[in-house]
Amino acid sequence: MAHVLIIEDEKDLAAGLRDNLEFEKHTVAHAATGAEATQALAQRLPDLVLLDLMLPDADGFDLCKRFRDAGHTMPIIILSARGQEIDKVRGLELGADDYVTKPFSLRELLARVSAALRRSAPAGAPGSTESFRIGERTVDLRRQKVIAGREELPLGYYESEILRMLHQNAGQAVSRADLLERIWGAGVYPADRTVDNHIVSLRRKLEPDPKKPKHILTAHAVGYKLVV
Ligand code: CA
């Protein structure tokens, strides 16, 4: 069972894909434009993306590159009416995992989806960087959740990405500027307190006493530091 994001502007095709994926017990989100895709990705990180190349407001190649540049590692399968060799090579070079030319048989596509999910499965296994302990709690970045005893607390997209970066640098201070640049993107300037507000929310989910944090520490005049 996986969460699949379909980025496809042909409504009938998207609906057919959704039905078949749901029949196989996957959950599905659908985006018909590049803008919707960005929104869907921020809401919930998919385990796999089906990506059409020709969208009304975006080029699938650009989206693919943007996802990879943002550090997303989920499998991406490109769906396209273009069958030329040069496009396939370009798609694979930009970080797509597989490429299916329309019209394709649904059975073939579903087989490719299963294969791609199998190949990517170890990344979500316990002990990997997608799942780690902070104090008594477990963070599962793949499912965007904090597991606290029997309770599961959902993490937002930015919360997950902040945690991912703090965990990669555990024990060291990470500056607000680095967090902003790596997660929001160079040249994007959200409100001053944006990072701090996400940290407040993360502390509520991860700290036994959010007012006296033991894990997500403030590094004075710099940023934040994770102590697992
Ligand atoms: Ca299209």
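Computed from a prediction, not measured in an experiment: that's the story for all the values here.

Caption draft 1: Seen up close, the side chain of H26. Here H26 lies in the loop between α1 (11–23) and β2 (27–31). Within the structure, H26 has its side chain in polar contact with the backbone nitrogen of A2 (distance 3.0 Å). When sequence neighbours within four positions are dropped, the list of residues in contact with H26 reads M1, A2, V4, L21 and L117.

Caption draft 2: A look at the pairing of strand β6 (residues 131–134). Here β6 pairs with strand β7 (residues 137–140) via four bridges, running antiparallel. Along β7, the bridge assignment pairs F132 with V139. Hairpin connection between β6 and β7: a loop of two residues separates the two successive antiparallel strands, and G135 in this loop has a positive phi of roughly 60 degrees.

Caption draft 3: Looking closely at the sheet that holds strand β9 (residues 151–154). With respect to topology, four strands assemble into an open sheet ordered β6-β7-β8-β9, the strand pairing being antiparallel. The open sheet has two edge strands with one neighbour each: β6 and β9. Pairwise comparison of adjacent strand axes, ignoring direction, gives a mean angle of 25 degrees for this sheet. Bridge count for strand β8 (residues 145–148) against β9 is four bridges, and the pairing is antiparallel. Pairing of K145 across the sheet is with P154, part of β9.

Caption draft 4: Representation of empty space enclosed by the protein. Across all of its chains, the model carries one cavity of 30 Å³ or more by this definition. Together, L45, P46, D47, G71, H72, T73, M74, E130, L141, R142 and R164 line the largest cavity. Class assignment of the residues belonging to the lining of the largest cavity gives a composition of four nonpolar, three polar and four charged. Composition of the lining of the largest cavity by domain shows at least three residues from each of domain 1 (3–118) and domain 2 (131–226).

Caption draft 5: Expanded view of the pairing of strand β12 (residues 223–226). The sheet contact formed by strand β10 (residues 173–175) and β12 spans three bridges and is antiparallel. The residue of β12 that forms the bridge with V174 is Y224. Remark: three residues form the turn of the hairpin made by strand β11 (residues 216–219) and β12, two consecutive strands paired antiparallel; A221 in that turn has positive phi of roughly 65 degrees.

Caption draft 6: Region of the structure containing the domain arrangement of the protein chain. We note that the domain assignment places domain 1 (3–118) and domain 2 (131–226) within the protein chain. Every contact between the two is made by seven residues of domain 1 and, on the other side, six residues of domain 2. Overall, the association of domain 1 and domain 2 removes approximately 610 Å² of surface from exposure, summing both partners, and the carbon and sulfur fraction of that is 41%. By the criterion of area lost to domain 2, the three top residues of domain 1 are A42, L45 and D47, representing 60% of everything that side buries. The interface formed by domain 1 and domain 2 contains one salt bridge. Counting across the domain 1 and domain 2 interface gives two residue pairs in polar contact (both at pLDDT 80 or more). Class assignment of the residues belonging to the side of domain 1 that touches domain 2 gives a composition of three nonpolar, two polar and two charged.

Caption draft 7: Geometry of unusual backbone geometry. Note the cis peptide between K102 and P103, where omega equals -5 degrees. The residue P103 is located in the loop between β5 (98–101) and α5 (106–120) in this model. We note that K25 has phi near 75 degrees; this positive angle belongs to a residue other than glycine. Examined against the element boundaries, K25 turns out to sit in the loop between α1 and β2. Backbone geometry at Q144 places phi at a positive 55 degrees, although glycine is not the residue there.

Caption draft 8: Focus on the environment of R142. Along the chain, R142 falls in the loop between β7 and β8. Between the C-alpha atom of R142 and that of R203, which follows or precedes it by 61 residues, the distance is 19 Å.

Conventions and cut-offs
- Residues numbered from 1 in each chain as written.
- Predicted model: local features only at pLDDT ≥ 70, side-chain atom pairs only at ≥ 80, totals over all residues.
- Heavy atoms only, no water.
- Helix = DSSP H or I, 4+ residues; strand = E, 2+ residues; numbered from the N terminus.
- Polar contact = N/O pair within 3.5 Å; in protein donor to acceptor, adjacent residues only side chain to side chain.
- Contact = heavy atoms within 4.5 Å.
- Pairing = 2+ DSSP bridges.
- Axes fitted to C-alpha atoms, helices over the stretch in contact; angles between N-to-C directions.
- 1 Å grid on protein atoms, 1.4 Å probe; cavity = no way out; pocket = protein on both sides within 12 Å on 5 of 7 lines; lining within 4 Å.
- Points joined across faces, edges and corners; volume = space filled by probe spheres on them.
- Nonpolar A, V, L, I, M, F, W, Y, C, P; charged D, E, K, R; others polar.
- Domains from an automatic or database assignment.
- Buried area = accessible area lost by both parts, 1.4 Å probe.
- Salt bridge = Lys/Arg side-chain N within 4 Å of Asp/Glu carboxyl O.

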